[in-house]
Amino acid sequence: MNPGKRPVIIYGGSFDPPHRGHAALAAAALRQLRPSALYLVPGFRTPFKDLKPVPFADRKAMLLASLSAAGLGGRPEVKVSSFEAGLRRVVYTWETVAHFRRLHPGAPLYFLMGSDCLADFPKWRRTDLILREAALLVGMRPGHSISGLRGAPFTPLRGVFPRAASSDLRAPLFCGRSPRELQPAVLRVIKERGLYLSSERELLRREITPARYRHSLSVASLAAELAPAAGLPAQLAAFAGLVHDCARDMAPAALVSYALRRAPRTPMLRTLIKEAPVLLHAWAGAARAAELFGPLTPEIREAVELHATGAPGMGPLARLIYTCDLACPGRDFPQAAMVRELARRDLDAAFRAANYVKLVYAFSGGGWVHPLSVELWNSLQEKKNG
Ligand SMILES: [Fe+2]
Ligand SMILES: [Fe+2]
């Protein structure tokens, strides 16, 4: 290392989305080390993790907006690097450090991170290679102290930096909320580029009534909150929640003619038209969602088609949307809040309770009840008793 050379800082992360904590850490590192370069290096996001991952170009646009909003815009030493995203695979930090070492031979290299990451550092691959080429530059999170940190030797940044995690901000974004950890400039880029389902929400908002749209956001929010417990990606759950009622505002006559034009002419279709045409909105919703948003995955189609009746053998997404549709905030019957609280503790129990509440409601009305709802009830009893 050449002590005469100015330092170079590498700042890796998903930046999906970039938040105030990222900008604060970058600003402090620039103030303290006066580097010749600070590289923000968004990692590759696997396309299988999300229904619609945010591409590098969009993350770069959000990062540039965030840096500008933090007063770091236009500084030539601040750069967004496509090194990791361009490789289109998971890239280990030792590879990134080696890349920037080749670009800056002899310069003191620093790898920037929040103190919450330091404890995990020993589990990273080839930490020997990282520490041979670079020093760790660590910003303190609230509640952490320099003396209390374990993991590896590091250089502390002066100051305390807000704790925020991009992964916690995505679920609210999918459901149309604006987390305060995001700068308004970043929120504008998200809207302009239609990221985090904002373009889908806009299409949906034009398709259904304001009250239905509020209900759809409510189902999406609860589904995204409960998605980790169901082993599902929040984006998938939020999308299914958003679109489940996209045909609910069709008039009964329009719903019937839509179904007659598109649905297979089964005896059940004739029965539904006669006994409960409103239930056609679930089947029609899946067909309409595919017209609006492109082909649906089988699990999303199932979740939309079965959200009103349920059916034996539903998959995890369909069970989640069925439960959230009944239990979301905004439902005006008392069982909704009870099932919602139950769902936060035990999703399977909440699913069974949702089926019970729906059946009691249907039977108390004295009319025709969809056989799939009764079959679901029976299948759940068999599992319980078996
Ligand atoms: Fe519905
Ligand atoms: Fe609904």
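Residues numbered from 1 in each chain as written. Chains lettered and ligands numbered in written order. Predicted model: local features only at pLDDT ≥ 70, side-chain atom pairs only at ≥ 80, totals over all residues.

Q: Would you mind going over the overall build of the protein with me for this structure?
A: Counting its regular elements, the protein contains 19 helices and 6 strands. Principal axes of the C-alpha set define a box for the protein whose edges measure 85 × 40 × 35 Å. Counting every position in the protein, which comprises 386 residues, the buried fraction comes to 41%. Within the protein, counting contacts between residues at least 6 apart in sequence, those at least 24 apart form 70% of the total. (Helix = DSSP H or I, 4+ residues; strand = E, 2+ residues; numbered from the N terminus. Buried ≥ 20, exposed ≤ 12 C-beta atoms within 10 Å, placed from the backbone. Contact = placed C-beta atoms within 7 Å.)

Q: Mind showing me how you'd approach the environment of A254 here?
A: Inspection of the secondary structure assignment puts A254 in helix α12 (residues 252–262). Judged by the 12 C-beta atoms lying within 10 Å of it, A254 is exposed. When the C-alpha atoms of A254 and G365 are compared, they prove to be 25 Å apart, with 111 residues separating the residues in sequence.

Q: What exactly am I supposed to notice about the domain arrangement of the protein here?
A: Note: interface size is frequently given as the accessible area lost on complex formation between the parts. By domain assignment, the protein separates into domain 1 (8–187) and domain 2 (208–385). Its C-alpha centre places domain 1 at a distance of 40 Å from the equivalent point of domain 2. Counting from both sides, the interface comprises 9 residues of domain 1 and, opposite them, 11 residues of domain 2. Looking at the side of domain 1 that touches domain 2, its residues break down into 4 nonpolar, 1 polar and 4 charged. (Domains from an automatic or database assignment. Nonpolar A, V, L, I, M, F, W, Y, C, P; charged D, E, K, R; others polar.)

Q: When you look at the environment of L306 in this model, what are you seeing that I'm missing?
A: Looking at the secondary structure, you find L306 in the loop between α15 (298–305) and α16 (316–327). For L306, a count of 25 C-beta atoms within 10 Å gives the class buried. Sequence-wise, L306 and V91 are 215 residues apart; in three dimensions their C-alpha atoms are separated by 40 Å. Setting aside chain neighbours within four positions, we find L306 in contact with A282, A311, M314, A318 and Y322.

Q: Would you explain unusual backbone geometry in this entry?
A: Comment: phi is negative for the bulk of residues other than glycine, and the bulk of peptide bonds are trans. With an omega of 5°, the peptide bond between D16 and P17 qualifies as cis. Here P17 shows up in the loop between β1 (8–13) and α1 (20–33). The residue R34 is not glycine, and still its phi comes out positive at about 45°. One can find R34 in the loop between α1 and β2 (37–42). Taking the C-beta count within 10 Å as the criterion, R34 has 10 such neighbours and is therefore assigned exposed. Of note in the backbone geometry, R88 takes a positive phi value of approximately 55° without being a glycine. Here R88 falls in the exposed class, since 11 other C-beta atoms lie within 10 Å of it.

Q: I would appreciate a short explanation of the sheet that holds strand β6 (residues 154–160) in the present structure.
A: In sheet architecture, strand pairing relies on hydrogen bonds along the backbone and comes in two forms, parallel and antiparallel. Read from one edge of the open sheet, 6 strands run β3-β2-β1-β4-β5-β6, paired in parallel fashion. With partners counted over all chains shown, the strands left at the sheet margins are β3 (78–80) and β6, one partner each. For this sheet, the mean angle separating the axes of adjacent strands, direction not counted, is 25°. In this fold α1 packs onto β1, β2, β4 (109–114), β5 (134–140) and β6, with an angle of close to 115° to the strand it touches most, β6. Its contacts with the sheet put helix α4 (residues 93–103) on β1, β2, β4 and β5, and the angle it makes with β1 is roughly 150°. (Pairing = 2+ DSSP bridges. Axes fitted to C-alpha atoms, helices over the stretch in contact; angles between N-to-C directions.)

Q: When you look at the packing of helix α7 (residues 166–174) against helix α11 (residues 234–243) in this model, what are you seeing that I'm missing?
A: Axis angle and axis distance: for two packed helices, these are the angle between their axes and the distance between the axes, and together they describe the pair. Following both chains from N to C, one finds α7 and α11 inclined at 10°, their axes separated by 9 Å at the closest point. Judged by the angle between their axes, α7 and α11 are roughly parallel. Contacts from R170, A171 and F174 of α7 reach α11 at A234, Q235 and A238. Of the residues contributing to the contact of α7 with α11, the split by class is 4 nonpolar, 1 polar and 1 charged. (Parallel < 35°, antiparallel > 145°, perpendicular 65-115°, else oblique.)

Q: Would you mind showing me how to read the pairing of β1 here?
A: Along any regular strand, the residues point their side chains to alternate faces of the sheet. For β1, the tally of buried residues reaches 6 of 6 residues, placing the bulk of the element in the interior. Of the two faces of β1, the one lined by V8, I10 and G12 and the one lined by I9, Y11 and G13 are each fully buried. In the sheet, β1 pairs with β2 via 6 bridges, with the strands oriented parallel. Counterpart to V8 in the pairing with β2 is A37. Handedness of the crossover joining β1 and β2 through α1: right-handed. (Right-handed = clockwise from strand over helix to strand, strands pointing away.)

Q: What am I meant to see in the packing of α16 against helix α17 (residues 334–345) here?
A: Between α16 and α17, the shortest axis-to-axis distance is 8 Å and the interhelical angle comes to 140°. Here α16 is positioned oblique relative to α17, judged by the angle of their axes. Each of T323, L326 and A327 in α16 lies in contact with α17, whose residues at this interface are A336, V339, R340 and A343. Counted by class, the contact of α16 with α17 contains 5 nonpolar, 1 polar and 1 charged residues.

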